[in-house]
Amino acid sequence: PSKTSKTNSSSYTTDKNLKLKVFFDNNFKCEIDKNHTTFQKENGEIFMEGHHLIPMAAQDDFVDNLDRVENIVCLCPNCHRKVHHARTDIKKEILEKMFIKKHKKLKACGLNITSEEIFKKYYN
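Everything numeric in this text was worked out from a predicted model, so none of it was measured. (Residues numbered from 1 in each chain as written. Predicted model: local features only at pLDDT ≥ 70, side-chain atom pairs only at ≥ 80, totals over all residues. Heavy atoms only, no water.)

Once that is clear, we can look at the pattern of salt bridges. Where charged atoms from two side chains of opposite charge come close, those side chains can pair. Within the structure shown, the criterion is met by nine salt bridges. One salt bridge in this structure joins Glu-45 and Lys-41, with 3.2 Å as the shortest N-O distance. Relative accessible area serves as the criterion here: at 21%, Glu-45 is assigned to the partly exposed category. Judged by relative accessible area, which is 34%, Lys-41 ranks as partly exposed. Two residues, Glu-116 and Lys-92, come together in a salt bridge whose shortest N-O distance is 3.7 Å. Taken together, the residues span a long stretch of sequence, with Glu-116 in helix α4 (residues 115–123) and Lys-92 in helix α3 (residues 88–108) at a distance of 24 residues. (Salt bridge = Lys/Arg side-chain N within 4 Å of Asp/Glu carboxyl O. Buried < 20%, exposed > 50% of the residue type's maximum accessible area, 1.4 Å probe, protein only. Helix = DSSP H or I, 4+ residues; strand = E, 2+ residues; numbered from the N terminus.)

Given below as structure tokens:
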């Protein structure tokens, strides 16, 4: 993955087509709760947000690229904000749901990580 530097932090470029594939694979439904609603964009698509379960900020800890469909979750905007801004217990509940859904696919592509290791990436 290519790394770009922004002020004092570094980030990695991500491929929006990977997120779009995850959205289509999930029929533009929130993977935390398929009943969560959002809104329709001008082009007719339902607005969803892609979230990397293993954060891209952890890329230096992995040989394999973290920007891959196995590591991207389709979330409604509300669930996505919860992952980043909710109380720790709520974050942990959402992260656990995402981990249960994705861990076999992550392992199959060489991204071996436990749920506790993922939680630490969000809390540290």
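Further notes follow.
Moving on, we get to the nonpolar core. Grouped together as the largest cluster of nonpolar side chains are 31 residues, with contacts concentrated most on Leu-53, Ile-54, Leu-75 and Met-98. The dominant element in this core, judged by the number of residues it contributes, is α3, at five residues. Excluding residues that lie within four positions of it along the chain, Leu-75 makes contacts with Cys-30, Ile-32, Met-48, Glu-49, His-51, His-80, Val-83 and Met-98. (Core = buried A, V, L, I, M, F, W, Y, C linked by side-chain atoms within 4.5 Å. Contact = heavy atoms within 4.5 Å.)

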